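Residues per chain are reported as follows:
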Amino acid sequence: MHENGSQPRSYELLIGGEWREASSGERQGIHSPYDGRPVGEVAVASAVDVDAAITAGERGAAAWRRTPAHERVAILHRAADLADQRADEIAATISAENGKPLTEALGEARRSGAIIRLSAHEGSQVYGDSLPLDANPGTGQDKVGFTLRQPVGIVVAITPFNYPALLVLHKVGPALASGNAVILKPASATPLTALALARIFIEAGVPEGVLSVLTGPGGTLGDALVSDPRVRKISFTGSTGVGERIASIAGVKKLSLELGASSPTLILPGADIEKASSAVAAGGYVNAGQVCISVQRVIVHRDVEADFLDALRPKVEAIRMGDPFADGTTLGPLIAEREARRVESSIARAISDGSSLLSGGERDGAFVSPAIVTGVDTRQAFAQEELFGPAVAVTSVDSFDAAIDAANGTPYGLAAGVFGGTLSEGVRAMREIDAGSVHLGWTPLWRADLMPYGGLKASGYGKEGVRSAVEEMTEVKTVIMHG
Ligand code: NAD
């Protein structure tokens, strides 16, 4: 055991449930973004391995869809129990490769068992409809029609680095539960958590052919996986740029794209300033702001702006940067120094565009101290582009209508939060904000694993959340019996 977390682990590729070296024999080290120490090693897959995984997946999908749902449930429940037992180990792996504080990683890892159980349940509750065919003019009562919902076949799951367990399980859980074979391509920076979870599914009894994990470069593997006609569904979470690439080459298959964001939180007159400032001080900086539903923008009514900033600033300044494994650390490094430099230059550009730095914003290696940037015009790049870093942009407005316009004033639409306002403003906010989820009384940074989850506009399409994912990973067949 390394003094700072899990033992470095070495993995092969998982191809149809079998561990094997990459066809190229190539391997790659994984390093901690905090101190650069090696935390593991993985195989580097190529297009040859993609073909092997898809070929295995075809066999796996054919067998798994014929496996009764109650047997799939039993296997997934075993996996959930193993995930619960190994939560501490999974958390240490997440912190080691992603750099988030161990307390945050524990919160993530401890959701694993519950997501797998919820998936098992939803995947076994796949109902069809009976069709009232005699309501169709000219059709008598001699016909019976109904729908069957069936697994799509092979699901390709492509995941980002920021929640290496959660976002993997939100795809693999529902896909397996509803009878599909899955090929997982985890983020290049954080493959170890995904591989540890895959090991759990294999130990729990997921049969031959059904689960593959391919580690390696997103571009090469992604293109080969996405364009293959044997794949019936792609479930992608990542940046809008890669999402656009996937959409352009996928061909005829189902797509779910969970993409980038620049999520707003409205602070209106009447807001509970203490609650709103505490929620923003968490929601803007959790996981160093590398959360798709991070509070990137605070849109505050001028009447409450001074009080809000007075309450927010000490809370943000109390955030403790440091070793992800040290007690008391609440902010780790970004995923790479390159990313910290990008955030640093976004803040510098905001200031040259006329905004002011109220607090933080200094870079040290891969760390950026938690920043509050005020006086941000929604048209500025700092509001328009996804930041994915530990900073909040504050925009002041004079009216509720201006707040809604600012909330809707970017290409994105993933999630939004609202504090304060009148009841009718709350109702207008839920109807008029273009976002996949709207939280009244909280920031966008909140998710229950069962809720439909996914963005509008450039934030993507399709919904996750276990029941929604099962729906997107199955397809409807209509059956008519002609008497
Ligand atoms: P990314 O787009 O760089 O990578 C995501 C995954 O795609 C990785 O596994 C990567 O290897 C792979 N990939 C890279 N090129 C590819 C290609 N050409 N074809 C197929 N796959 C390819 O994203 P990231 O930096 O890992 O994650 C951050 C992004 O993810 C942010 O934009 C964030 O908003 C987004 N995100 C969205 C949600 C959501 O639910 N909407 C959740 C988490 C993260």
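Anything mentioned here points back to the structure above.
Figured I'd write up the structure that's included with this text.

What counts and how
Residues numbered from 1 in each chain as written. Predicted model: local features only at pLDDT ≥ 70, side-chain atom pairs only at ≥ 80, totals over all residues. Heavy atoms only, no water. Helix = DSSP H or I, 4+ residues; strand = E, 2+ residues; numbered from the N terminus. Rg over C-alpha atoms; globule rule 2.2 N^0.38 Å. Buried < 20%, exposed > 50% of the residue type's maximum accessible area, 1.4 Å probe, protein only. Areas by Shrake-Rupley, 256 points an atom, 1.4 Å probe, with all protein chains shown as cover. Lys, Arg positive; Asp, Glu negative; His and termini not counted. Charge placed at Lys NZ, Arg CZ, Asp CG, Glu CD. Near = heavy atom within 4 Å. Polar contact = N/O pair within 3.5 Å; in protein donor to acceptor, adjacent residues only side chain to side chain. 1 Å grid on protein atoms, 1.4 Å probe; cavity = no way out; pocket = protein on both sides within 12 Å on 5 of 7 lines; lining within 4 Å. Sits in = over half its atoms within 2 Å of the grid points. Nonpolar A, V, L, I, M, F, W, Y, C, P; charged D, E, K, R; others polar. Domains from an automatic or database assignment. Salt bridge = Lys/Arg side-chain N within 4 Å of Asp/Glu carboxyl O. Points joined across faces, edges and corners; volume = space filled by probe spheres on them. Axes fitted to C-alpha atoms, helices over the stretch in contact; angles between N-to-C directions. Parallel < 35°, antiparallel > 145°, perpendicular 65-115°, else oblique. Left-handed = near helix turned anticlockwise from the far one by under 90°. Contact = heavy atoms within 4.5 Å. Pairing = 2+ DSSP bridges.

Take the overall build of the protein next. A count of helices and strands for the protein gives 16 helices and 25 strands. Taking 23 Å as the expected radius of gyration for a compact globule of 483 residues, we find that the protein reaches 23 Å, a close match to that expectation. Each principal axis of the C-alpha distribution contributes one length, and for the protein these read about 70 × 65 × 40 Å. Buried residues in the protein amount to 57% of all 483 residues. Entry remark: accessible area of the protein is about 18,700 Å², with carbon and sulfur atoms responsible for 53%. Of the side chains in the protein, 44 bear a positive and 57 a negative charge, and the two mean positions are spaced by 5 Å.

Okay, the environment of Leu414 next. You can see Leu414 is positioned in the loop between strand 20 (412-413) and strand 21 (415-419). The buried category is assigned to Leu414, whose relative accessible area is 4%.

Attention shifts here to the site of the ligand. Close contacts around the ligand come from 29 residues, with Thr159, Lys185, Ser239, Leu259 and Glu386 the closest. A distance of 3.4 Å separates an oxygen atom of the ligand from a polar atom in the backbone of Gly238. Measuring from an oxygen atom of the ligand, one finds a side-chain N or O atom of Glu386 at 2.5 Å. Relative to its unbound accessible surface of 850 Å², the ligand loses 87% to contact with the protein. More than half of the atoms of the ligand fall within 2 Å of the grid points belonging to the largest pocket. Counting residues per element, the shell around the ligand draws most heavily on helix 8 (residues 218-227), which supplies four residues. Considered class by class, the residues forming the shell around the ligand number 14 nonpolar, ten polar and five charged. Taken domain by domain, the shell around the ligand gets at least three of its residues from each of domain 1 (9-259 + 460-482) and domain 2 (264-448).

Before going further, it helps to examine the pattern of salt bridges. One pass over the full model with this rule turns up 32 salt bridges. Between Asp401 and Arg428 there is a salt bridge whose closest N-O contact spans 2.7 Å. Residue Asp401 is found in helix 14 (residues 400-407), and its partner Arg428 is found in helix 15 (residues 423-432); the two are separated by 27 residues along the sequence. Asp401 gets classed as partly exposed once you look at its relative accessible area, which sits at 41%. You can call Arg428 partly exposed: its relative accessible area is 33%. The network of salt bridges with common partners includes Glu337, Arg341, Glu344 and Arg363.

As a volume, the largest pocket reaches approximately 810 Å³. What lines the largest pocket is a set of 38 residues, among which Pro160, Phe236, Gly238, Ser239 and Val242 lie closest to the centre. Counting residues per element, the ones that place at least two in the lining of the largest pocket are helix 8, strand 11 (233-237), helix 9 (240-249) and helix 12 (337-352). Tallied by class, residues from the lining of the largest pocket come to 18 nonpolar, twelve polar and eight charged. Two domains share the lining of the largest pocket, each providing at least three of its residues, namely domain 1 (9-259 + 460-482) and domain 2 (264-448). Approximately 610 Å³ is the volume found for the second largest pocket. Lining the second largest pocket are 28 residues, and of these Glu104, Tyr163, Ala282, Val286 and Leu445 sit closest to its centre.

This brings us to the packing of helix 5 (residues 112-123) against helix 6 (residues 166-177). Closest axis-to-axis distance for the helix 5/helix 6 pair is 8 Å, and the angle between their directions is 25 degrees. As the angle between them shows, helix 5 and helix 6 are arranged roughly parallel. Helix 6 is crossed by helix 5, and the crossing has right-handed handedness. Here Ser112, Ile115, Ile116, Ser119, Ala120 and Gly123 of helix 5 lie close against helix 6, whose contacting residues are Leu166, Leu169, His170, Gly173, Pro174 and Ala177. Looking at the contact of helix 5 with helix 6 residue by residue, the classes come out as seven nonpolar, five polar and no charged.

Paired through backbone hydrogen bonds, the strands of a sheet run either parallel or antiparallel to each other. Taken together, three strands build an open sheet; the order of strands is 1-5-4 and the sheet is mixed. Each edge of the open sheet carries a strand with a single partner, namely strand 1 (9-10) and strand 4 (27-31). In the sheet, strand 1 pairs with strand 5 (residues 38-43) via two bridges, with the strands oriented parallel. In the strand pairing of strand 5, Arg9 is matched with Gly40. Where helix 7 (residues 191-204) meets the sheet, its contacts fall on strand 1, strand 4 and strand 5, and the angle it forms with strand 5 comes to roughly 65 degrees.

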